[in-house]
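Geometric and topological summary
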Amino acid sequence: MSTKRPSLKSVIKSKELQRRSFGDYRRFIQNQYDGLPGALTKWTGLVTGHKSLAGRLLRPSGFDVRGCKRILDAGCGNGRYSHFLVRRADDDALITAFDYSQRMLQRARRNLPRDRVSHVAADLTRLPYADECFDAIVCGWVLEHLPDAKAGLSELSRVLKTGGKMLLLTTEDTFNGAVCSRLFHCRTYNRSELKQVCAECQLHWYRELWFSKVHRFFHLGGIIVELRKLAPSQANL
Ligand SMILES: C[S@@+](CC[C@H](N)C(=O)[O-])C[C@H]1O[C@@H](n2cnc3c(N)ncnc32)[C@H](O)[C@@H]1O
């Protein structure tokens, strides 16, 4: 009988989502972000360069939010993406951000001009917004905290207008992704499986983005994709 040895990747990957019930895992993650690991995101973002890399993505040649009048930052954390949305969106754009960690929301509020971003405590799987009310959504590094991508993507798709755009960033099932999964107690996604789930949620995989040419060459930085919401008739084609 041949016994297959587990890969290093699967050994490194966090098992928190499998080990705990989802309710327990949710509380665990909320506590993480309410506590020191959440407070440190301000500094880790600077050290790893993620803060400036976020700015590279939200450029007119990247994820262009000009002309979008209602924009959502889903799982905003300390406001890293909201910061660039404020800079790049039209002056009259309404920017809304949510997170289920109250402390992360406080940190985001401290970091951003109050008159530009409104913050709400909410869970990605049960959004307090009407159908089709946003022109653009950014969802950065949140989906990996769900056992099932569909629970989050179907909600994001529901609140996104038909024809609206979404920038989705999530941890990939690569070696680096496994290390991130261990550090942030999250899962990873397979690119083609995620693409399939997006399609089931009427979200067309419009184009893949990378932080830089170096990230693209070495396949680093996770899954970064611009999605477009299709009309139901187009989605069924
Ligand atoms: C890695 S941080 C990313 C923050 C921010 N989007 C960024 O890229 O800097 C993940 C954030 O998602 C939040 N989060 C995780 N699961 C969530 C859920 N189901 N609903 C709402 N927020 C969630 C956490 O509280 C945390 O602030």
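Above this text you will find the structure in question.
Residues numbered from 1 in each chain as written. Predicted model: local features only at pLDDT ≥ 70, side-chain atom pairs only at ≥ 80, totals over all residues. Heavy atoms only, no water.

A separate point is the layout of surface pockets. One number sums up the size of the largest pocket: a volume of about 1,000 Å³. Secondary-structure elements contributing two or more residues to the lining of the largest pocket are helix H3 (22-34), helix H4 (36-47), helix H5 (50-57), strand S1 (70-74), helix H6 (80-88), strand S2 (94-99), strand S4 (134-140) and helix H9 (175-184). Classifying every residue of the lining of the largest pocket by side-chain character gives 21 nonpolar, 19 polar and 6 charged. (1 Å grid on protein atoms, 1.4 Å probe; cavity = no way out; pocket = protein on both sides within 12 Å on 5 of 7 lines; lining within 4 Å. Points joined across faces, edges and corners; volume = space filled by probe spheres on them. Helix = DSSP H or I, 4+ residues; strand = E, 2+ residues; numbered from the N terminus. Nonpolar A, V, L, I, M, F, W, Y, C, P; charged D, E, K, R; others polar.)

The next point concerns the site of the ligand. Of all residues adjacent to the ligand, which total 19 residues, the nearest are Gly 75, Arg 80, Asp 99, Leu 124 and Gly 140. At 3.3 Å from a nitrogen atom of the ligand is found a side-chain nitrogen or oxygen belonging to Tyr 100. In the complex, 96% of the free accessible area of the ligand, which totals 600 Å², lies under the protein chains. Under a 2 Å grid-point criterion requiring more than half of the atoms, the pocket assigned to the ligand is the largest pocket. Listed by contribution, the elements that provide at least two residues to the shell around the ligand are H6 and S2. Along the lines of polarity and charge, the residues of the shell around the ligand split into 11 nonpolar, 5 polar and 3 charged. (Near = heavy atom within 4 Å. Polar contact = N/O pair within 3.5 Å; in protein donor to acceptor, adjacent residues only side chain to side chain. Areas by Shrake-Rupley, 256 points an atom, 1.4 Å probe, with all protein chains shown as cover. Sits in = over half its atoms within 2 Å of the grid points.)

Turning to the nonpolar core, a few remarks are in order. Counting 31 residues, the largest nonpolar core has Ile 137, Leu 143, Leu 153, Leu 156, Met 166, Leu 168 and Leu 194 as its most contacted members. In terms of residue count, helix H8 (residues 149-159) provides more of this core than any other element does, 4 residues in total. Apart from the residues lying within four places of it in its own chain, the contact partners of Leu 143 are Leu 124, Ala 149, Gly 152, Leu 153, Leu 168, Thr 170, Tyr 189 and Leu 194. Judged by nonpolar contacts, the second largest core, of 29 residues, contains Leu 57, Leu 58, Ala 89 and Ala 97. (Core = buried A, V, L, I, M, F, W, Y, C linked by side-chain atoms within 4.5 Å. Buried < 20%, exposed > 50% of the residue type's maximum accessible area, 1.4 Å probe, protein only. Contact = heavy atoms within 4.5 Å.)

Across the sheet, 7 strands lie side by side as S3-S2-S1-S4-S5-S7-S6; this open sheet has mixed pairing. Only two strands of the sheet have a single neighbouring strand rather than two, namely strand S3 (117-121) and strand S6 (203-208). Put simply, the sheet's adjacent strands are angled 20° from each other on average, direction ignored. Sheet topology note: the S2/S3 ladder contains 5 bridges and is parallel. (Pairing = 2+ DSSP bridges. Axes fitted to C-alpha atoms, helices over the stretch in contact; angles between N-to-C directions.)

Here we take up a nonpolar patch on the surface. On the surface, Leu 8, Val 11, Phe 175, Val 179, Leu 183 and Phe 184 cluster together into a nonpolar patch covering about 560 Å² of accessible area. If one sorts the elements of the nonpolar patch by residue count, H9 sits on top with 4 residues. On the basis of relative accessible area, Val 179 is assigned to the partly exposed category, the value being 31%. (Patch = residues over 30% accessible without salt bridge, like charges linked within 9 Å, V, L, I, M, F, W, Y side chains within 5 Å. Salt bridge = Lys/Arg side-chain N within 4 Å of Asp/Glu carboxyl O.)

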